Structures are given as C-alpha cells and as structure tokens.
Amino acid sequence: MRLSAMGDVAMTVPVLRAFVAQHSEIKVTVISRPFFKPLFEGIPNVSFFEFDEKQRHKGFFGLLRLFQDLKALHIDAFADLHNVLRSKVVRTLFALSGKKTAQVDKARAEKALLTRAENKIFKPLTTIFERHTKVFEELGFTVDLSNPKFPEKAVLDAEIIQVIGRNPIAIGTKLIGIAPFAQYKSKVYPLDLMQEVIDQLASTKAHKILLFGGGKKEIKLLDLLSKNRDNVVNIAGQLNFQQELQLISNIDVMLSMDSGNAHIAAMLGVKVITLWGATHPFTGFLPFNQPLENALVSDRNLFPKLPTSVYGNKKVEGYEDAMRTISLQSVVEKINSVIE
C-alpha cells in the first residue's frame, strides 16, 4: 500500500487492524516513508517496507526498482489506499504482471458538489474508512469496522515522564492533549481563543495539558501558549515520534484541528474533539470511531459557503474569521463533558 501525509497514513491503521484480525491467514506489507513505521508497530501480520523516495526509489526508474523490490516479496495483491501518480505506476506494474489490484475511490465529483460555492449539495459523504474497506472488498476480503479493537495504553518510559512531570496516571491527573495547528491557516482556531481555552482548562489543577506540534515556529507559539504553567507542557521537539505515540495513547482526550493529530489519537482509541474551519466532517474525514457531536463546526448560517474545500487550501474572501463562530466556551464545555 502506498501512503502519503501523516493523516492519510494514520487513517489506514484502524482498517488494517480490523483486516488482519478478521483475516489472520493474510500477511500485509505496508509501503511508506520510514518516519511512519511506528504507526504500524504491534499490528499482527503487518510488516513495513521503507519507501526510499530520495535515493533508491526516486523518480520513474526508482519506481521500477520499487516494483522489483516488492515483487521479490511474492506479493499476491496490491491495495492502493492513496491513488496518486506514484502509487498508480506501481499498481499498474503489478496489474501488468497478473496480480490483483484495487484502488481507493477519492470521490472527487461528490467532494466538488459539497465544496462548491453555489448550489452546494450539503450531505455527508462516505467516510475514508469505508472507502478503504471497499478496496479490500475488491480484492475479495470483507472488513467489518463495527467493533474496533485498539492497542493497550503504552507504558510511559522515564524520559516521557521527565518531560511531562510526575506520572499523571499514577496520581489520577486528567491528561488533555491539544494540537492547535494544521497545514492551512483556514483550519486553525484563532490563537487568542485557543489561549483562553488553555487558560480555562489549566485553572483546574487536576488537569494536565499537553501541547503538540512541530517545527521551530510552532514550538515558539506553543511556548507562548503554555505561559510556563506547571500543568501546561509543550511536548513539541522534546520526544521522538514513537514516544509521542506512547504518550498520546495515555491521554484522556485530544483537542485537534482537522489534522493528522486527530487521526493519530483516534487510531489509538483516544476520544477526539475536532474543530473545523474551512473544511467539514461531511467530507468523510471525521476521525475514526468518533461521534459527530465531537466535531465542532463553524457557523454555516453566517458562512454558507462552508465547507469551501476538502483540505482547507482554498482562500475565500470574508471567511478568514469563520472559526471565531466556534465559541471558546463550547470547546471547554465539550472537553469537560468528555473527560468527566
């Protein structure tokens, strides 16, 4: 399977867990960038093949080498869960060699109807998880997602506990994860409101707030949001990816934008509250196994063109403040209701 961005990869995990649980005789090889390997560790019958996009598998001839490398693994079928140019090339090579192949339907036409400015057809689309199961169905395998199983909470090592302070699980502290950033500004809750959310949550000493992000700019902003409070910790840059996954598996709730962090928390069985700006859960990307009421959306009465795009990459004049219609009090109340 060929995968791409963090959220795309994380969204495949619940489907793969269900698939191998229901088809224990099948071995699965996941093909992706080395960074994403920790997402799949511990899943029975799933091995990981590192896609070397910078050297061995770079360019068209690199994809030919990738095909030859995979062919040596005696693969019987190829499930393309990303359906982009590179995966199409490899998929075609497998098909030409006589192997079964199937690809995810990205539902571009339906998404266009949902996101267009005029005559919008506002209805929920098939979820990405259901679309992934259909790929396996095309290959002859049914996948039932109705009774999901999640991994056990990870044991926090000494380094993680040193970063977050006293073991919160041992002393009964509620762990609240907050991931306030997203790839596009149109999906980011205004930072002044997010600061208020953090301040209100941190006013309860039984709460410990963990801030997630990445990159120098985000780390600096998270430092400002934490205000050096004892019960607000900026995790960004302090742990490796595998340690972050271990920590996230132990939190009580994750507050996230429409971003990869939401899908990582959901794949670990954590309750997730999402905030939606230019995008909308109707596009099919509501985090796995999360109720729709945990998705707080911007006011479509005031901003009727929402959602304006699937990924938030389209700027619409006058819609810059759409997320301000999600009141900070509604965010705090939703978090409190989930953890209590």
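Placed above this text is the structure.
Residues numbered from 1 in each chain as written. Predicted model: local features only at pLDDT ≥ 70, side-chain atom pairs only at ≥ 80, totals over all residues. Heavy atoms only, no water.

1. Digging into the pattern of salt bridges
Then step 1. All chains considered together, the criterion is met by nine salt bridges.
Then step 2. One salt bridge connects Asp199 with Lys227, and the closest N-O pair in it is separated by 3.2 Å. Pair noted here: Asp199 is in helix α8 (residues 191–202) and Lys227 is in the loop between α9 (216–226) and β7 (232–234), with a separation of 28 residues, a long-range link.
Then step 3. The salt bridge involving Asp321 is made with Arg324; its shortest N-O contact spans 3.8 Å.
Then step 4. Classification of Asp321 by relative accessible area gives partly exposed; the value is 47%.
Then step 5. Salt bridges linked by common partners bring Arg33, Glu53 and Arg86 together as one network. (Salt bridge = Lys/Arg side-chain N within 4 Å of Asp/Glu carboxyl O. Helix = DSSP H or I, 4+ residues; strand = E, 2+ residues; numbered from the N terminus. Buried < 20%, exposed > 50% of the residue type's maximum accessible area, 1.4 Å probe, protein only.)

2. Notes on helix α5 (residues 128–138)
Then step 1. All buried positions along α5 are accounted for by Ile128, Phe129, Arg131, His132, Thr133, Val135 and Phe136.
Then step 2. Buried residues in α5 make contact with α1 (6–22), β3 (77–80), β4 (100–103) and α4 (108–115).
Then step 3. Immediately downstream of α5, the backbone of Gly140 shows phi near 100°, a positive value. (Contact = heavy atoms within 4.5 Å.)

3. Some details on the nonpolar core
Then step 1. Counting 55 residues, the largest nonpolar core has Leu39, Phe40, Leu210, Ile235, Leu247 and Met254 as its most contacted members.
Then step 2. Of the residues forming this core, the biggest block, nine residues, is contributed by α1.
Then step 3. With residues up to four places along the chain from it excluded, the contact list for Leu210 reads Ile164, Leu175, Ile176, Gly177, Ile178, Val233, Ile235, Leu247 and Ile251.
Then step 4. Counting residues in each nonpolar core, the second largest holds 32 residues, with Met323, Val331, Val338 and Ile339 among its members. (Core = buried A, V, L, I, M, F, W, Y, C linked by side-chain atoms within 4.5 Å.)

4. Points about the sheet that holds strand β5 (residues 174–179)
Then step 1. Reading across from one edge, β7-β6-β5-β8-β9-β10 is the order of the six strands in this open sheet, with parallel pairing throughout. Pairing within the sheet leaves two strands with one partner each, and these edge strands are β7 and β10 (295–297). Going from strand to strand, the sheet's axes swing by 20° on average, the running direction of each strand aside.
Then step 2. Two elements, strand β8 (residues 253–257) and strand β9 (residues 271–276), share five bridges in a ladder whose sense is parallel. Looking across to β9, one finds that Met254 is bridged to Val272.
Then step 3. The strands touched by α9 within the sheet are β6 (207–211) and β7, with β7 carrying the most contacts at an inclination of about 170°. (Pairing = 2+ DSSP bridges. Axes fitted to C-alpha atoms, helices over the stretch in contact; angles between N-to-C directions.)

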